[in-house]
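Take a look at the letters that make up each chain.
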Amino acid sequence: MQTRYIKGRWLGHKVKVMLLGLILVFWGSSASTQQVLNPQIQVGIVQRFGQNMTDKLTLESVSDAPLELRFQTQGQWQTLKAQKVQFEIMAQPLSPPRVEERVVLSTHRSFESAETMANRFRAMGIAVEIAQPQQWEVWAKRQNFQDVEQRALLISHLRSQGHNTAYVAQRTLQQQPQLSWVLGNYRFNRNQVQIRAPQGQLRVNQDLYAGNFQFQPNAYGTYTLVNQVPIETYLRGVVPHEIGYNAPETAIQAQAIIARTYALRNLRRFEIDNYQLCADTQCQVYKGLNGTDPIVDRAIAATAGQVLTYRNELVDTLYSSTTGGVTAAFEDVWEGESRPYLKSVIDAVPNQVWDLANRPLSDETNFRQFINLRQGFNEETWRHFRWQNEASLTELNQNFRQLLEREKNPLASFQTIERLNVVERAPGGRVQRLRVTTDLGAKDLTKDEILRAFAAPNSLLFYIEPRFEANAQVSDRSKLKGYSFVGGGLGHGVGLSQTGSYRLSNIGWSAAQILNFYYSGTTLQPLTSSVVYWREPTASSPEPQVLFQPQPAQRTPGTTLFGLRLPWNLREWFSWLPFGKSKPQSALWLSEPFAPL
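Residues numbered from 1 in each chain as written. Predicted model: local features only at pLDDT ≥ 70, side-chain atom pairs only at ≥ 80, totals over all residues. Heavy atoms only, no water.

By the naming in an unreviewed UniProt entry, the protein chain goes by SpoIID/LytB domain-containing protein and is assigned to Petrachloros mirabilis ULC683.

Describing empty space enclosed by the protein
In plain terms, the rule: Using only the protein atoms, space was sampled on a 1 Å grid; points where a 1.4 Å probe fits but cannot get out form cavities, open sets with protein on both sides within 12 Å along at least five of seven lines form pockets, and lining residues are those with an atom within 4 Å of a point. Grid points are joined across faces, edges and corners, and a volume is the space filled by probe spheres set on the points. Nonpolar residues are Ala, Val, Leu, Ile, Met, Phe, Trp, Tyr, Cys and Pro. Charged residues are Asp, Glu, Lys and Arg, and all others, Gly as well, are polar.
Going through the model one piece at a time under the given rule, you end up with one cavity of 30 Å³ or more. Taken as a whole, the largest cavity encloses approximately 40 Å³ of empty space. Along its surface, the largest cavity is lined by F111, E112, E115, N266, R268, R269, D316 and R339. Residues belonging to the lining of the largest cavity are distributed by class as follows: one nonpolar, one polar and six charged.

Regarding helix 6 (residues 249–265)
For the record, the criterion: Helix and strand definitions follow DSSP, with helices as H or I runs of at least four residues and strands as E runs of at least two, each counted in order from the N terminus. In a helix, the anticipated span is given by 1.5 Å times the number of residues less one. Relative accessibility under 20% of the residue-type maximum defines a buried residue, over 50% an exposed one, and the middle range a partly exposed one, all with a 1.4 Å probe and only protein chains included.
Its 17 residues give helix 6 an end-to-end C-alpha distance of 25 Å, which sits within 8% of 24 Å, the value for a rise of 1.5 Å per residue. Counting buried positions over the 17 residues of helix 6 gives 16, a clear majority of the element.

Side note on the environment of G489
The criterion, for reference: Whether two residues are in contact is decided by their heavy atoms: any pair within 4.5 Å suffices.
Looking at where G489 falls in the secondary structure, it is placed in the loop between strand 22 (480–487) and strand 23 (496–497). Using a relative accessible area of 0% as the deciding quantity, one classes G489 as buried. The contact partners of G489, leaving out residues within four places of it in the chain, are T322, T323, G324, H384, F385, W387, N458 and S459.

Section: the sheet that holds strand 24 (residues 523–526)
Selection rule: A strand pair is defined by DSSP finding two or more bridges across the two strands. Convention adopted: a line fitted to C-alpha atoms gives each axis, helices being fitted over their contacting stretch, and angles between N-to-C directions are expressed from 0 to 180 degrees.
Spatial ordering of the open sheet is given by 15-14-24, a layout of three strands whose pairing is antiparallel. Two strands close off the open sheet at either side, each with one partner strand: strand 15 (313–314) and strand 24. Looking at chain direction, strand 14 (residues 306–310) and strand 24 are connected through four bridges and run antiparallel. By the bridge assignment for strand 24, T309 is matched with T523. Those strands touched by helix 6 are strand 14, strand 15 and strand 24, and its axis lies near 65° from that of strand 14.

Encoded structure:
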């Protein structure tokens, strides 16, 4: 009997292997006809509901069919229906008051800089998480540093390594917000509720959205309303607000492609809050189905499923309003690994205005000559192509003091700024280091930290001129009354210029040509399961004297075999094979999803 069992088991395995071989052959022959994907994404459309105890939000069905609300009551799922529901916040007293502490390792203007610093702290052996309570912050992972001694030891270790930006953020809560709503004569208080409109659309405070919705708690003690929506529908709420329906056709098509690519590459941004993207300029402006336009819809449909890749990975398709006549390399604006396809390019076609290779803009004389050119560029007719902004000494002092206070920097008690000077420029002209000298000492601001500190410059493409009181000598610094910032461009200037794409489209360029100009060396291709959304960057070398070992990453069972994605109904068949591992996806909607209508 035992021999027959072993032989039968072997024959069973043999059959499975033969079936697997047939499936792999079929996949290989049909690789060129893979299905173009339209994945669902999760967007936080109201990120901090409950920040004020008076917050209210009304969700309403757009048809006669009522909304469906699903939530748990004593561990059991409950479903209610209503045509309209007003969500509000109830103040829940805390007795005794609760003290919350977290270690803030660094603060940043952008996710890109925060992620780079997070990777550096991980290389030191410190488990971290990226948050956005207001600005982007890197936190020591809360579950790893739950007591006072752990947090104090971490701060001490970091300061011994020269990292002086870390501090313990503390707050004492007398009350906390509680999500609440009334149906009939009963008030419901829950931390999580799913909302579904049977026809797939509803209004949020009169604004129209498609998809499914969920209120859920976030990392800041408030709630986020998350919209789960297919990427192609999401683009209908992004493209008209990012580039405008009156843009020329191929410029809109190019915007649709990069907006699709950017969203899918950046799904990791709000992992700490268990959703993927925000709805403002820290991700992409998203307004649901408000402001949709048939011209834009046609451009989205014409490029459906198309993404930009580099070596089969989605491109970091950053874009901005106006470059100022020269695009910025990724590393000129943020710390982190350079992107081979994001380099400084003179934004002019044909380029007869500047030879960047032989006249680099890192030279101050070259830069000033360049910034005073006003003709021959793709953006020359736009308002922010060139600008001059004045900043009083009072304003500069206030801006700089606020930055230092947020960072808990001892220089924050300075009386006045004595001097600003550009210490370093990139070959593409962006300021890399701005030295701020005060009566207490000096601090160098780098890259986009400069824009976090001062409101006057519209971009990093600027030079400065001191302004003195009338009849004062230049050498008399006590008569300094402010600075003029003279520059070009609006925004970071990396990747596509939206205003530049207008002109390229108007002179007859296709969307593919526009994209190749701003993201050279990339490939335009359909989004299929073989495309890599994002690869973990190469880790930096660990620093010495590592005291804090990172926690092992939790992995879920893989869904690929030798790098190929298996259909769900085949995974059970081949569960005995060594599948690869894949990163866990967001748990949103997975605990108990809506059943199909």
